[in-house]
Amino acid sequence: MQKRARAVVSTVVFSLLAVNGTHAFGQPVRNEKQISLELASEAAMSAIAQCREQGFRVSAVVLDRGGNTKIAMTDDGAGLHTLDSARRKAYTALTFRVPSAEFAKRVATTPALASFEGVIALAGGLPIKSGNEVIGSIGIGGAPTGERDEGCAQTGIRKIQSRL
């Protein structure tokens, strides 16, 4: 008798979900904003240009909302480590949805956070937002301090902000 009752309940639940699935689990198709290659390229180029004006040779990486690399650029004369650093900063900002400098502060009080693969506790990565929605991130590596990397990243975001 219990097996039969469970079978009936299961049938009713699955039937309701099939009929009302969109109400139970949200819309069947989601619309999400993505940063375009054109905007990613413009942000990266602006960030590199800003750092170059200050005398720094850097790399810039822009990731889309899924963590995929939209663009990765290394300025002439940038150090070998700068591209990896820029990518990890962008990944950190995207993953935690905060500037990588803020993540570095969190690591100071919770060191285990630094054990996540691909993250780095250095300033220079910023989330790219459209309204309150994180649609990507930018990371800069190669300036003498993370704060200067972050300043260049901010320049890149400001260049495209009105079109996000």
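Our subject is the structure listed above.
## Points about the sheet that holds strand β4 (residues 133-141)
Next up, step 1: Across the sheet, which stays open at both edges, the 4 strands sit in the order β2-β1-β4-β3 with antiparallel pairing between neighbours. Each of the sheet's edge strands pairs with one partner strand only, and the pair in question is β2 (69-74) and β3 (125-130). Within this sheet the neighbouring strands show an average axis-to-axis angle of 15 degrees, counted without direction.
Next up, step 2: Across the face of the sheet, helix α3 (residues 82-96) comes into contact with β1 (59-64), β2, β3 and β4 while running at roughly 155 degrees to β4.

## Describing the packing of helix α2 (residues 37-53) against helix α5 (residues 146-160)
Next up, step 1: Where α2 contacts α5, the two axes come as close as 7 Å, and the packing angle between them is 140 degrees. Relative to α5, the element α2 lies oblique. In terms of crossing hand, the pair formed by α2 and α5 is right-handed. For the pair α2 and α5, the contacting residues are Leu-39, Glu-42, Ala-43, Ser-46, Ala-47, Gln-50 and Cys-51 in the first and Arg-148, Cys-152, Ala-153, Thr-155, Gly-156, Lys-159 and Ile-160 in the second.
Next up, step 2: Grouping the amino acids of the contact of α2 with α5 by side-chain chemistry returns 7 nonpolar, 4 polar and 3 charged.

## Remarks on the side chain of Asp-149
Next up, step 1: By the secondary structure assignment, Asp-149 is in helix α5.
Next up, step 2: Not counting the four nearest positions on each side in its chain, Asp-149 is found in contact with Val-58, Lys-89, Ala-123, Gly-124, Ile-140, Gly-141, Gly-142 and Ala-143.

## Brief notes about α5
Next up, step 1: The terminal C-alpha atoms of α5 lie 22 Å apart, and with 15 residues this matches the ideal 21 Å at 1.5 Å per residue to within 8%.
Next up, step 2: Along α5, the residues that are buried comprise Gly-146, Asp-149, Cys-152, Ala-153, Thr-155, Gly-156, Ile-157 and Ile-160.
Next up, step 3: Considering only its buried residues, α5 is in contact with α2, α3, β3 and β4.

About the cut-offs
- Residues numbered from 1 in each chain as written.
- Predicted model: local features only at pLDDT ≥ 70, side-chain atom pairs only at ≥ 80, totals over all residues.
- Heavy atoms only, no water.
- Pairing = 2+ DSSP bridges.
- Helix = DSSP H or I, 4+ residues; strand = E, 2+ residues; numbered from the N terminus.
- Axes fitted to C-alpha atoms, helices over the stretch in contact; angles between N-to-C directions.
- Contact = heavy atoms within 4.5 Å.
- Parallel < 35°, antiparallel > 145°, perpendicular 65-115°, else oblique.
- Left-handed = near helix turned anticlockwise from the far one by under 90°.
- Nonpolar A, V, L, I, M, F, W, Y, C, P; charged D, E, K, R; others polar.
- Expected span 1.5 Å × (residues − 1).
- Buried < 20%, exposed > 50% of the residue type's maximum accessible area, 1.4 Å probe, protein only.

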